[in-house]
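Listed here are the chains, written in short residue letters.
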Amino acid sequence: MAEPTSPQKPATARPQLTSAMRSSSYLSDHQQYRRASPRVPDVAAHHGIDTVLESSKGPGRPSVTALPFRGVPSDDAPPTIVESGIDHTYAHHNCAPPAGRQTDRLVVTLFYKGSRNNATEGQATCTNTATAAPLDGSTDSLPANMAPTASLDAFPLEPPTQEPEHLDHLYGSYVSPLCIASFLHLMSGFPLPDNGDGADEPHSAHRCLDDPDAPRVVELTLTPAPSPDFLSVAELRRHEALYRFEREWNVDVVLRRDAVWRRHPRLVAFDMDSTLIRQEVIDLLADHVPEGGDLAERVADITRRAMAGELEFEESFRARLRLLHGLPASVFERLRPALQVTTGVPQLLRALKRLGVKTAVLSGGFQPLTAWLAGELGIDYAYANEVEVGADGKLTGEAKGVIVGKERKRDLLVEIAAKENIDLSQVVAVGDGANDLLMLDKAGLGVAWNAKPRVQMEAAARLNGESLLDLLYLFGFTAEEINALTS
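Rules used throughout
Residues numbered from 1 in each chain as written. Predicted model: local features only at pLDDT ≥ 70, side-chain atom pairs only at ≥ 80, totals over all residues. Heavy atoms only, no water. Phe/Tyr/Trp six-rings, centres within 6.5 Å; stacked < 30°, edge-to-face > 60°. Helix = DSSP H or I, 4+ residues; strand = E, 2+ residues; numbered from the N terminus. Buried < 20%, exposed > 50% of the residue type's maximum accessible area, 1.4 Å probe, protein only. Core = buried A, V, L, I, M, F, W, Y, C linked by side-chain atoms within 4.5 Å. Domains from an automatic or database assignment. Contact = heavy atoms within 4.5 Å. Polar contact = N/O pair within 3.5 Å; in protein donor to acceptor, adjacent residues only side chain to side chain. Axes fitted to C-alpha atoms, helices over the stretch in contact; angles between N-to-C directions. Parallel < 35°, antiparallel > 145°, perpendicular 65-115°, else oblique. UniProt positions renumbered as here; feature names shortened; annotations may be inferred. Pairing = 2+ DSSP bridges.

A.B. asks: Give me the packing of aromatic side chains: which residues, what numbers.
C.D. replies: Taken as a whole and assessed by the stated rule, the structure comprises seven aromatic pairs. Taken together, a centroid distance of 6.3 Å and an interplanar angle of 65° make the contact between Phe-111 and Tyr-473 edge-to-face. Note that Phe-111 is positioned in strand β1 (residues 106-112) and Tyr-473 in the loop between β11 (461-463) and α16 (479-486), a separation of 362 residues in sequence. Ring plane angle 35° and centroid distance 5.8 Å describe the contact between Tyr-171 and Trp-249, whose orientation is recorded as tilted. A residue pair is termed long-range when its members are at least 10 positions apart, and Tyr-171 in helix α1 (residues 168-171) and Trp-249 in helix α4 (residues 240-249) qualify at 78 residues. Relative accessible area serves as the criterion here: at 42%, Tyr-171 is assigned to the partly exposed category.

Here it is in structure tokens:
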């Protein structure tokens, strides 16, 4: 009787990091596994990237003689595929979706707020945001906890609360890799849609839109987007975790669902005061008109009451306009040299014109100045408040027609889009005040530009940089492409 033979032990497979071992996270694409292959000291037997050979001996495995391979298979060097320890996958993450399915991507644009560079320079500095000027007028920066006053009587009884240090001070004054990893980890905490067994694992991709070494602007694409059944994109923008991330890393986060309209706007409308220009025109009138007397103090009082909620915009505007009664109509011409155009505006408008995008300025200010500025900048449409001029050539203190308030701005945006046969999904609106909220909400993309806190919270996107040219990054353009559009 033959003795039973013991079953042969199966060959032990090399451990690999497979997709089943990965967590369901946008970070999974950043996990890599590669077996360290031994170096071959003999130059003649060294194999380049053309082949991956297995030459280790094992039980029940014949030895493999390493032969030089010159890129052409032969009898002595046949084409061989062997187990290499590298997990190769052929993915379609950036391809068109299969038939019957739709693309579900969330595009996230991170803007680092510490850099003071212009958007076209394509580089980020490693300096922190400029601090306030010292009390003695020197150029040295202030210590973090310097006394807030030089008067002993006004000195606080307790020291000021220490603000937490931004993480960008520790890991780099730009959108660092750790900043990106922290954001992806944050987004992994939100539920994903249940698309069945055939759904792809969550994954992400990134593009540095300016400088790859120290990027100020980074675009992330997350697939799939977090489940809208749990949080819509609008609700996600206001999530406390996102706000906390922005504070910790000193960045602005803009979330948009990926769509063709995101990359192809056809109409961009701007507010004027504190958006296209740095100032408020009514304050310029108060400061630069010698005939006004105590006009500045009276305008400031009306502004204070309006901000306190005692006056609506239309009521406050008419009250300010009445203060201009008796001033010569030429006062608006005298103000033209005082207007300071926001950094990046001429280049932005030049780029939009080259792209065939229509532009408009919708202002709650005065039509004489708004129309002049639109002509200087090449803006297609300009709407503001018409002022009455008496027979003596002086302002009557009254306005003609409908006051351009928040409702009128929204209606004008819709009218211009309809006139140009443009769908509202391809309309972008930019503003800074509560007077712009209805316009920002009506547009396909509403952008709060260095805006009041309430506007920043309610707008679909917020930019708090130095140059309005940053708007082009939201359309997916790189700094190289922006340079080409503005040259």
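A.B. asks: I'd like a rundown of the nonpolar core, residues and numbers included.
C.D. replies: Among the nonpolar cores identified, the biggest contains 64 residues, and Leu-285, Phe-366, Leu-471 and Leu-474 are the most heavily contacted of them. Lining this core are residues from two domains, each supplying at least three of them: domain 1 (106-114 + 165-257) and domain 2 (267-279 + 340-486). In terms of nonpolar packing, the next biggest core, distinct from the first, is built from 26 residues, Leu-231, Val-233, Leu-236 and Val-251 among them.

A.B. asks: Mind laying out the environment of Asn-435, listing which residues take part and the relevant values?
C.D. replies: Residue position: Asn-435 is located in the loop between β9 (427-431) and α14 (437-442). According to the relative accessible area criterion, Asn-435 is buried, its value standing at 14%. With 25 residues separating them along the chain, Asn-435 and Arg-410 place their C-alpha atoms 9.8 Å apart. Leave out the neighbours within four places in its chain, and Asn-435 touches Phe-313, Gly-364, Val-404, Gly-405, Lys-406 and Lys-409. A polar contact of 2.8 Å, which involves the side chain of Asn-435, links it to the backbone nitrogen of Lys-406.

A.B. asks: Give me the packing of helix α2 (residues 177-187) against α4: which residues, what numbers.
C.D. replies: The contact between α2 and α4 brings their axes to 11 Å, and the two run at 170°. When the axes of α2 and α4 are compared, the pair comes out roughly antiparallel. On α4, the residues touching Leu-178, Cys-179, Ser-182, Phe-183 and Leu-186 of α2 are Ala-241, Leu-242, Phe-245 and Trp-249.

A.B. asks: Explain the UniProt feature "active site" (unreviewed entry) in the protein to me, using residue names and the numbers behind them.
C.D. replies: Per the UniProt annotation, the sites labelled "active site" (unreviewed entry) are Asp-271 and Asp-273. Along the chain, Asp-271 turns up in the loop between β5 (267-270) and α6 (272-276). Excluding its chain neighbours within four sequence positions, the residues that come into contact with Asp-271 are Leu-276, Val-361, Leu-362, Ser-363, Lys-409, Val-430, Gly-431, Asp-432, Asp-436 and Met-439. Assignment of secondary structure puts Asp-273 in helix α6. A relative accessible area of 10% means that Asp-273 is categorised as buried. Apart from the residues lying within four places of it in its own chain, the contact partners of Asp-273 are Gln-279, Glu-280, Val-281, Ser-363 and Asp-432.

A.B. asks: Now, about the sheet that holds strand β6 (residues 358-366): what can you tell me, with residues and values included?
C.D. replies: On the basis of which strands lie adjacent, the open sheet formed by seven strands has the order β8-β7-β6-β5-β9-β10-β11 and mixed pairing. Each end of this open sheet is capped by a strand with a single partner; those strands are β8 (395-400) and β11. Averaged over neighbouring strand pairs, the angle between their axes works out to 25° when direction is ignored. In this structure, strand β10 (residues 445-449) lies alongside β11, joined through three bridges in parallel fashion. Considered in β11, the bridge of Ala-448 is made with Arg-462.

A.B. asks: Mind laying out the pairing of β9, listing which residues take part and the relevant values?
C.D. replies: Of all five residues in β9, five are buried; the element is thus mostly enclosed. Note that β5 and β9 share four bridges and pair parallel. In the sheet register, Phe-270 faces β9, and the bridge partner there is Val-430. Pairing of β9 with β10 involves four bridges; the strand directions are parallel. Each bridged residue has a counterpart across the sheet, and for Gly-431 the counterpart in β10 is Ala-448.

A.B. asks: Got a sec to walk through the sheet that holds strand β2 (residues 203-208)? Specific residues and values, please.
C.D. replies: Across a sheet, strands are paired by hydrogen bonds formed along the backbone, either parallel or antiparallel in direction. Strand order in the open sheet formed by four strands is β2-β3-β1-β4, and the pairing between neighbours is antiparallel. In the strand order of this sheet, the two ends are held by β2 and β4 (251-257), each with one partner. Taken over all neighbouring pairs, the strand axes of this sheet differ in orientation by 20° on average, direction set aside. One ladder, built from seven bridges, connects β1 with β4; its direction is antiparallel. Following the sheet pairing, Leu-110 is matched in β4 by Val-253. Here α2 sits on the sheet in contact with β1, β2, β3 (217-223) and β4, set at roughly 30° to β3. Lying over the sheet, α4 contacts β1 and β4, oriented at roughly 140° with respect to β4.

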